Amino acid sequence: MRTIAAFLALGLVAVAGACPAEAGTGNACQFLPVVLDVEASGTRYRTEVSFTNPNRDLQEIAVLYTASLGRVEGTGEGRFSIPGGEQVLVLDAIEFLRGLGIGIPPYAPGIPQGGTLRICSLNTGGIPIGVMARVTSPTRPPYAAGNSGVSFAAVPADEGFTGRATVFGYRQNESDRTNVAIYNPGSEPVSLKVTLVSGSSNRQAVLSEKEGLAGYGWKQFTSPSAGDSLIDEGYVLVERISTSGVFGAYGVVNDNDTNDGSFIPAVAEGDLRTSWVIPVLVDSLNYRSELILANPGNADATFHLGFADSVSRLGVALSATVFVPGRRQIIVLDVFALFPAGASTGEILTRAGTLRVHVLEEQARGAFVGVRVLTRQEA
């Protein structure tokens, strides 16, 4: 099975609780939680970054790299420019930073390099540049030569969560593995408690009672649930325990077969809600849509699903309800299996459209919904 699209977390393309940079603010600084060059289990992971200048004039860019992996060496600053209306595509971010004069040690097997990147425009006014990253690894046979990976956008620097945030959609099984990361988008140190909560029982596992992050620091918990303490699915709570500082968090669900990943940004407690619109849901001979429903509150919740097909345009909506007890999470491997049997679109073999979801109970405190589109497993 191969993940071919990023996790659709209801439009949460950046860290919830951190306000996006606005046009015209000038000197806008952005933050990439991680750029890296590491080797794990015989696979090398590197980071592509694109810098896009939507302004007419050339933009001078200053970057600050803060080392967080391996020997934690090479922290430093560099500068480059982007012509107006153009994009700079960097295929290897760590090597690019070395080229800017930042003293990151050369690559060597077994010595990982990685850290965070703060990106600031030195021009006053104008629209902030667009910054996107993709962590990639080479594909392996029987797949065609290329790269698999996971992409994510930069978030505003020096802004983030100050209370509690949650990374939903965690799972650990034969098909998928999940890594969870925390980071500090500001210059002031912050301390965090990180807890993995089962979505199917009352079990919890404290991943770190007190994890300190220096300014612009980053920490990853790689496949954190294993052995006798295995929690196969659930969500991760991240809570600030220091009196000051800000933080961000995210999860990456990786396909064990292809290494393709899906990026899941953390959600602040205040941003949990009871209604959502998923922009696209897909069902075909080749693709399926996975649905994640999480109810972290104490009250039970009934999720109502309504799907409107934009391919057949028959005007007949499909609907279903899913009951999720309090403090539980459900992962539905194929959301279309929830809809009534026989509700097909005739000769049309592909269904794609919008999914609307809302919780029926008024007492539900707030919940989370997300969708992952994957290729179907070959027989």
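Scroll up for the structure.
Counting of residues starts from 1 at the beginning of each chain's written sequence and follows it residue by residue. The predicted nature of this model means local features are confined to residues of pLDDT at least 70 and side-chain atom pairs, given and counted, to a pLDDT of 80 or more, with totals for whole chains, interfaces and linings taken over all residues. Note that the side-chain values use all heavy atoms of the structure and ignore hydrogens as well as water.

1. Quick word on the overall build of the protein
Tallying secondary structure elements over the protein gives one helix and 25 strands in all. Throughout, exposure labels follow a simple rule: accessible area from a 1.4 Å probe, protein chains only, divided by the maximum for the residue type, with under 20% read as buried, over 50% as exposed, and the rest as partly exposed. Taking all 379 residues of the protein together, the buried fraction comes to 54%. Any two residues having at least one pair of non-hydrogen atoms within 4.5 Å are treated as being in contact. Counting contacts in the protein only where the partners sit at least 6 residues apart, residues at least 24 apart contribute 79% of the total. The secondary structure listing takes helices from DSSP runs of H or I that are at least 4 residues long and strands from runs of E that are at least 2 residues long, numbered from the N terminus.

2. Re the pattern of salt bridges
One side-chain nitrogen of Lys or Arg within 4 Å of one carboxyl oxygen of Asp or Glu is enough to make a salt bridge. For the structure on display, the rule yields 15 salt bridges. Linked through salt bridges whose partners overlap, the residues forming this network are R171, D176, E290 and R372.

3. A word on the packing of aromatic side chains
Between 30 and 60 degrees the pair is tilted, below 30 it is stacked and above 60 it is edge-to-face, where a pair is any two Phe, Tyr or Trp rings, Trp via its six-membered ring, whose centres lie within 6.5 Å. Summed over the entire model, instances satisfying the criterion amount to 16 aromatic pairs. Between F51 and F96, the ring centres sit 6.3 Å apart and the planes meet at 35 degrees, which makes this aromatic pair tilted. In this pair, F51 is assigned in strand β2 (residues 43-52) and F96 in helix α1 (residues 93-99), connecting sequence segments 45 residues apart. Given the relative accessible area of 2%, F51 is considered buried. Looking at F96, the relative accessible area reads 22%, which means it is partly exposed. Between F152 and Y250, the ring centres sit 6.4 Å apart and the planes meet at 20 degrees, which makes this aromatic pair stacked. Taken together, the residues F152 in strand β8 (residues 147-153) and Y250 in strand β16 (residues 248-255) connect sequence positions 98 residues apart. Exposure remark for Y250: the relative accessible area of 5% places this residue in the buried category. The rings of F31, F152, Y183, Y216, Y250 and F263 are connected pair by pair, giving a single aromatic cluster.

4. Overview of unusual backbone geometry
Here the residue pair P141 and P142 is connected by a cis peptide bond, since its omega of 15 degrees sits within 30 degrees of zero. Tracing the sequence through the fold places P142 in the loop between β7 (130-138) and β8. Even without being glycine, D158 reaches a positive phi, approximately 70 degrees. Mapped onto the secondary structure, D158 falls in the loop between β9 (155-156) and β10 (164-171). Despite not being glycine, N259 shows a phi value in the positive range, around 75 degrees. N259 sits in the buried class, given a relative accessible area of 6%.

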